[in-house]
Amino acid sequence: MHISLNGESYQLAEGSSIEQLLTQLEFTGKRVAVEVNQEIVPRSQHSQTLLNEGDQVEVVQAIGGG
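Residues numbered from 1 in each chain as written. Predicted model: local features only at pLDDT ≥ 70, side-chain atom pairs only at ≥ 80, totals over all residues. Heavy atoms only, no water.

> How would you summarise the pairing of strand S5 (residues 56-61) if you had to cite specific residues and measurements?
Across 2 bridges, the pairing between strand S1 (residues 2-5) and S5 is parallel. Directly across from leucine 5, in S5, lies its bridge partner valine 57. Relative to S5, strand S3 (residues 32-36) runs antiparallel, the two being bridged by 5 bridges. When the bridges of S5 are listed, valine 32 appears paired with glutamine 61. (Pairing = 2+ DSSP bridges. Helix = DSSP H or I, 4+ residues; strand = E, 2+ residues; numbered from the N terminus.)

Here is the structure:
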């Protein structure tokens, strides 16, 4: 299936969760915010939130600095 990931087309296996997407993107264990179709998805729901064909997903990584 195809989703829009940060404005770019991205192919993903059917029935993939946000958690599986983050693993593919090598964001496991990193501080990220995820929005699906303009709705923020809490980290506690990443493993049970399944993505669908055409979803618009935004992933933003927190960067520390000073």
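> How would you summarise unusual backbone geometry if you had to cite specific residues and measurements?
A negative phi angle characterises most non-glycine residues, just as the trans form characterises most peptide bonds. Unusually for a residue other than glycine, glutamate 26 sits at a positive phi of about 60°. Counting through the fold element by element, glutamate 26 comes out in the loop between helix H1 (18-24) and S3. A positive phi angle, close to 70°, is found at glutamine 38, a residue other than glycine. For glutamine 38, the location among the structural elements is in the loop between S3 and strand S4 (39-41). For glutamine 38, a relative accessible area of 66% translates into the label exposed. (Buried < 20%, exposed > 50% of the residue type's maximum accessible area, 1.4 Å probe, protein only.)

> Outline the nonpolar core, listing residues and values.
Nonpolar side chains in soluble globular proteins tend to be buried together. Ranked by size, the top nonpolar core spans 15 residues in total, and within it Val34, Leu51, Val57 and Val59 carry the most contacts. With residues near it in sequence (within four places) discarded, valine 57 still touches Ile3, Ser4, Leu5, Asn6, Leu21, Val34, Glu35, Val36 and Leu51. (Core = buried A, V, L, I, M, F, W, Y, C linked by side-chain atoms within 4.5 Å. Contact = heavy atoms within 4.5 Å.)

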